[in-house]
Amino acid sequence: SRRFPVVYDPMKVSPELLQIASATKQETYVFFGGRAERDVPTFVKIVKMMPDVKFVCVVDAKMVTDEMKRLSNLLVKTNVSLTEFNTDLARASYCLIPLKSKAPCGLLVMQRAAMLGVPIISTETYSMRTVVPDDNYGFLSPRGDADAMADKLRLLMSDETLRQRIADKARQRMTMFSHEAVGRQMAEAAQYVMAQ
């Protein structure tokens, strides 16, 4: 970290999505979505462990298993537009993204969820730690640990104060991904390189 300056990818959420996210939730559901390195088997285990919780899964059609189609508490959507994907995320009460790789993946969905005030439960990876540095911002669990993820989801569902505090802290942290903040990071990185 002393030799390489870090510059984050800028992130911005449209005012329409922010309005959708700030509106009263019409229904409670857990969002799972994206493509890169999603851990579908772990996700399915969690859905089966929590039969009274509604899950909305927005993924590529190739990722859908026969077992997913049989789960009554799981709504599966495939090959939707980016607008619909973002709207489903914005209306969610929780964002659950188990990952099967330690390589950077899922970061854009997590950043967007944090900006929209949707509490995050995901797999612990180096890149996820930029969004969720500790349990004050969301929850990260070991790869493949369905029990730990389900426990954290239950904790958030049972404690509205905790859920709101985590959502607020994560949203506040996302200011470091704003265009202005990233512009400053680039300027500082350039000054650092030129001084070497």
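Parameters at a glance
- Residues numbered from 1 in each chain as written.
- Predicted model: local features only at pLDDT ≥ 70, side-chain atom pairs only at ≥ 80, totals over all residues.
- Heavy atoms only, no water.
- Helix = DSSP H or I, 4+ residues; strand = E, 2+ residues; numbered from the N terminus.
- Rg over C-alpha atoms; globule rule 2.2 N^0.38 Å.
- Contact = heavy atoms within 4.5 Å.
- Areas by Shrake-Rupley, 256 points an atom, 1.4 Å probe, with all protein chains shown as cover.
- Lys, Arg positive; Asp, Glu negative; His and termini not counted.
- Charge placed at Lys NZ, Arg CZ, Asp CG, Glu CD.
- Buried < 20%, exposed > 50% of the residue type's maximum accessible area, 1.4 Å probe, protein only.
- Pairing = 2+ DSSP bridges.
- Right-handed = clockwise from strand over helix to strand, strands pointing away.
- Axes fitted to C-alpha atoms, helices over the stretch in contact; angles between N-to-C directions.
- Parallel < 35°, antiparallel > 145°, perpendicular 65-115°, else oblique.
- Left-handed = near helix turned anticlockwise from the far one by under 90°.
- Nonpolar A, V, L, I, M, F, W, Y, C, P; charged D, E, K, R; others polar.
- Phe/Tyr/Trp six-rings, centres within 6.5 Å; stacked < 30°, edge-to-face > 60°.

Enquirer: Before we go on, may I ask you to explain the overall build of the protein in this structure?
Expert: Scanning the protein from terminus to terminus reveals nine helices and six strands. Scaling as 2.2 N^0.38, a compact globule of 196 residues should have a C-alpha radius of gyration of about 16 Å, and the protein matches this with 17 Å. Dimensions of the protein, computed from the C-alpha atoms along their principal axes, are close to 60 × 35 × 35 Å. Within the protein, contacts between residues at least 6 apart in sequence are counted, and of these 68% link residues at least 24 apart. Accessible surface, the protein as shown: approximately 10500 Å² in total, 52% of it carbon and sulfur. For the protein, the distance from the average site of its 27 positive side-chain charges to the average site of its 22 negative ones is 3 Å.

Enquirer: Sorry, what's going on with the pairing of strand β1 (residues 30-34) here?
Expert: Walk down a regular strand and you will see the side chains alternate between the two sheet faces. Counting buried positions along β1 yields five of five residues, so the element is predominantly enclosed. The pairing of β1 with strand β2 (residues 55-59) spans five bridges and is classified as parallel. Of the residues in β2, the one forming a bridge with Gly-34 is Val-59. Remark: the β1/helix α2 (residues 40-49)/β2 crossover connection has right-handed handedness. Pairing of β1 with strand β4 (residues 94-97), which is carried by two bridges, proceeds in the parallel orientation. Bridged to Val-30 within β4 is Tyr-94.

Enquirer: Would you explain the packing of α2 against helix α7 (residues 146-158) in this entry?
Expert: Two packed helices can be described by the angle between their axes and the distance between those axes. Packing of α2 against α7 brings their axes to within 9 Å, and their N-to-C directions diverge by 50 degrees. The angle between the axes of α2 and α7 places the two elements in the oblique class. Every pair of crossing elements has a handedness; the one defined by α2 and α7 is right-handed. Together, Thr-42, Lys-45, Ile-46 and Met-49 of α2 and Ala-146, Asp-147, Met-149, Ala-150 and Arg-154 of α7 make up the contact between the two elements. Broken down by class, the residue content of the contact of α2 with α7 amounts to five nonpolar, one polar and three charged.

Enquirer: What should I look at first to understand the packing of aromatic side chains in this one?
Expert: For any pair of aromatic rings, the description consists of the separation of the ring centres together with the inter-plane angle of the planes. Under the counting rule described, the total for this entry stands at three aromatic pairs. Taking the centre distance of 4.0 Å and the plane angle of 10 degrees together, the rings of Phe-32 and Phe-43 count as stacked. With Phe-32 in strand β1 and Phe-43 in helix α2, the pair connects residues that are 11 residues apart, well separated along the chain. Phe-43 matches Phe-32 in its accessibility class, with the two residues each being buried. Consider the rings of Phe-43 and Phe-55, whose centres lie 5.8 Å apart with planes at 80 degrees: the pair is edge-to-face. Here Phe-43 is found in helix α2, whereas its partner Phe-55 is found in strand β2, with 12 residues between them in sequence. This pair shows no difference in class: Phe-43 is buried, exactly as Phe-55 is. Chaining the aromatic ring pairs together yields one cluster made of Phe-32, Phe-43 and Phe-55.

Enquirer: Could you clarify how one ought to interpret the environment of Phe-43 in this entry?
Expert: Overall, the relative accessible area of 0% leaves Phe-43 in the buried class. Distance in space between the C-alpha atoms of Phe-43 and Pro-15 is 30 Å, their sequence separation being 28 residues. Leave out the neighbours within four places in its chain, and Phe-43 touches Phe-32, Phe-55, Cys-57, Met-68, Leu-74, Leu-96 and Pro-98.

By themselves, these are just geometric observations and shouldn't be taken as functional.
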